[in-house]
Amino acid sequence: MAIPSSFAEFLGNPSTVESLRAAIAAGRLPHSMIVAGPRGAGKYTLALMLTMALQCEQQPRETAPDGRPLANFCGVCRNCTRIAESAELEQKVEEAVAAREDMRETDKKDTRVLVQTHPDVLILPPDPPQLLIKLGQVRTLIGRSQRMPSEAPAKVFIITTASFMKEAANSLLKVLEEPPTYAHILILAENLGELLPTIRSRCAIVRLGALPAEEIETLLTRLRPESNKTERALLARLSEGAVGRALGFNLAEYVAARADALIIMRGAVQTGDHSSLFRMTETYRAGAEGQAKTTALLRALASVLEDVLLLQGGSPERIRNTDIREELRRFSESVDFAWLEEAVRGLDAVQSGMRRNLLRSLSLDAFAAELGVAGRL
């Protein structure tokens, strides 16, 4: 992921971005802040851009239509370039995880995954395998927040998920309530409900809203000209209003995951041979690759289930998987609302099992079997 060269290139939510730039220029950016929005809305990109604007050695300014000064960043100074190195977050996390694996067993359990390409900017990603923010990460944040910045005007801490271990969330409360004057803590959240009310109450909340599918389709016509009309329509709806997600969406990967999700659905509503289901679930092995594959499957299955619910509720215009509309219609006629409730509970159970490192293929088999029983009741 490349950082846009200026805020003018950030797609979507222009009024929100302008307000944040004005706050930085006026020295009034909140010290504890939640940036909320759907996956792919650009939360992490915006967080890095705001950090660069805070830390930039040049401190360039522009003028808003109403006359307010707006912060920007040069992108070439030593502070900007080092912060921009964190843009490839997945790669940095993989490097940190690999470094931990090379440690002695006694050191591994006490080492948390952190990303730092600038001495005054610390990024806390979800720590594998549970993919939660853990106590050790928050303790590191607290410890480093007590030291003055060494090379930039401020200390910035970016927490890239709202999923916390309970002890980690509780430990964060004090520093959110009384952060040092030189520190800014940004929490990125897809779902505000994941955060403790006490965390939400201590932070300013900035929302990145979803864009209409038609607007995203128009942008895709310009920015992804190699895609055809059907692909653009599908991408615009699957991205759930998030421009960045639409641009980076791996449609082939999603379609493959959805094909497996449809195998589970067909097995649940039909009786007979389930060999294709078992062959499919057997491919969901342990390890990081298996975890990513399972996550993609669960997201695709959630998308399909939501479309079935929309069809049952009389809102066919809102479905996302427009290219399989007819099969979705058949599913909607084959299951009832109670079955959909059971499916959602089953999805939650599989996700919980992933956090506890349960065998994925068995979890998926059990999930499909339970749905099959529910479908025959």
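A brief structural summary. (Residues numbered from 1 in each chain as written. Predicted model: local features only at pLDDT ≥ 70, side-chain atom pairs only at ≥ 80, totals over all residues. Heavy atoms only, no water.)

## Digging into the overall build of the chain
Here is the rule we go by: Comment: elements are numbered from the N terminus, with helices defined as DSSP H or I runs of at least four residues and strands as E runs of at least two. Classification of residues uses two cut-offs on accessible area relative to the type maximum, computed with a 1.4 Å probe and protein chains only: under 20% is buried, over 50% is exposed, and between them is partly exposed. Should any heavy atoms of two residues lie within 4.5 Å, those residues are counted as being in contact. A 1.4 Å probe and the Shrake-Rupley method give the accessible areas. Residues count as covered only by the protein chains that appear here.
Counting secondary structure elements, the chain contains 17 helices and eight strands. Taking all 377 residues of the chain together, the buried fraction comes to 49%. Across the chain, every contact between residues at least 6 apart in sequence was considered, and the portion connecting residues at least 24 apart equals 70%. Of the roughly 18200 Å² of accessible surface on the chain, 52% is carried by carbon and sulfur atoms.

## Remarks on the environment of Pro 125
You can see Pro 125 is positioned in the loop between strand E5 (121-124) and helix H6 (135-145). Pro 125 gets classed as buried once you look at its relative accessible area, which sits at 1%. Expressed as a C-alpha distance, the spacing of Pro 125 and Gln 137, which sit 12 residues apart in the sequence, is 9.0 Å. With near-sequence residues (within four places) excluded, Pro 125 lies in contact with Val 93, Val 113, Leu 114, Val 115, Ile 133, Gln 137 and Thr 160.

## Side note on the pattern of salt bridges
The test is simple: Any Lys or Arg side-chain nitrogen located within 4 Å of an Asp or Glu carboxyl oxygen qualifies as a salt bridge.
For the structure shown, the criterion picks out 20 salt bridges. Asp 120 is the salt-bridge partner of Lys 155, the closest N and O atoms lying 3.7 Å from each other. Of this pair, Lys 155 sits in strand E6 (residues 155-159) while Asp 120 sits in the loop between strand E4 (115-118) and E5, and the two are 35 residues apart along the sequence. The same class applies to Lys 155 and to Asp 120, which are both buried. Measuring nitrogen to oxygen at the nearest pair gives 3.6 Å for the salt bridge that ties Arg 224 to Glu 226. With relative accessibility at 17%, the residue Arg 224 sits in the buried group. Several salt bridges converge on common partners, so that one network encompasses Arg 100, Arg 112, Asp 127 and Lys 134.

## Focus on the pairing of E6
Defined as follows: Only strands joined by at least two bridges in the DSSP assignment are considered to pair. We call a crossover right-handed when, viewed with both strands directed away from the observer, the connection leading from the first strand over the helix to the second proceeds clockwise.
Here E6 lies mainly inside the structure; five of its five residues are buried. Every second residue of E6 is oriented toward a common face, with Lys 155, Phe 157 and Ile 159 on one face and Val 156 and Ile 158 on the other, all of them buried. Looking at chain direction, E5 and E6 are connected through four bridges and run parallel. When the sheet's bridge partners are listed, Leu 124 is paired in E6 with Ile 159. Handedness of the crossover joining E5 and E6 through H6: right-handed. Pairing between E6 and strand E7 (residues 183-189): five bridges, direction parallel. Paired with Ile 159 across the bridge in E7 is Ile 187.

## Focus: unusual backbone geometry
For the peptide bond that leads from Pro 128 to Pro 129, omega is 0°, which places it in the cis range. Looking at where Pro 129 falls in the secondary structure, it is placed in the loop between E5 and H6. Residues other than glycine seldom take positive phi values, yet Asn 13 does so here, at roughly 55°. Relative to the elements of secondary structure, Asn 13 occurs in the segment before helix H1 (14-25). Despite not being glycine, Gln 59 has its phi angle at roughly 50°, a positive value. Note on Gln 59: relative accessible area 29%, which makes it partly exposed.

## A few points about a negative patch on the surface
For clarity, the threshold we go by: Only residues above 30% relative accessible area that lack a salt bridge enter a patch, with like-charged residues linked at up to 9 Å and the nonpolar side chains Val, Leu, Ile, Met, Phe, Trp and Tyr linked at up to 5 Å. Positive residues here are Lys and Arg, negative ones are Asp and Glu, while His and the chain termini are left out of the count. Where a charge sits is defined by one atom per residue type, namely NZ (Lys), CZ (Arg), CG (Asp) or CD (Glu).
Together, Glu 88, Glu 90, Glu 94 and Glu 95 make up a negatively charged patch on the protein surface. With respect to the element layout, Glu 94 can be found in helix H4 (residues 89-101).

## Some words on the environment of Val 335
Mapping Val 335 onto the fold places it in the loop between helix H15 (325-334) and helix H16 (337-355). For the pair Val 335 and Val 269, spaced 66 residues apart in sequence, the C-alpha separation works out to 7.4 Å.

## Digging into the sheet that holds strand E1 (residues 32-36)
To keep it simple, the criterion reads: Each axis is a line fitted through C-alpha atoms, and for a helix only the stretch in contact is used; angles between axes span 0 to 180 degrees, taken between their N-to-C directions.
Read from one edge to the other, the open sheet built from six strands follows the order E4-E5-E6-E7-E1-E8, with strand pairing classed as mixed. Pairing within the sheet leaves two strands with one partner each, and these edge strands are E4 and strand E8 (204-207). Strand after strand, the sheet turns through a mean of 20° between neighbouring axes, direction not considered. Where E4 meets E5, two bridges bridge the pair, whose relative direction is antiparallel.

## Looking at the side chain of Ser 163
Among the structural elements, Ser 163 can be located in the loop between E6 and helix H7 (166-177). We classify Ser 163 as buried; its relative accessible area is 11%. Apart from residues no more than four positions distant in its own chain, Ser 163 is found in contact with Leu 131, Leu 132, Ile 133 and Glu 194.

## Focus on the packing of H6 against H7
Convention followed: We call two directions roughly parallel when the angle between them is under 35 degrees, roughly antiparallel when it is over 145, roughly perpendicular when it lies between 65 and 115, and oblique otherwise. Left-handed describes a crossing whose near helix is turned anticlockwise from the far helix through less than a right angle; right-handed describes the clockwise counterpart.
For the pair H6 and H7, the least separation of the axes is 8 Å and the interaxial angle reads 15°. It follows that H6 is roughly parallel to H7 by the angle criterion. The two elements H6 and H7 cross, and the hand of that crossing is left-handed. Judged by residue contacts, Leu 135, Val 138, Leu 141, Ile 142 and Ser 145 of H6 engage Glu 167, Ala 168, Ser 171, Leu 172 and Val 175 from H7.

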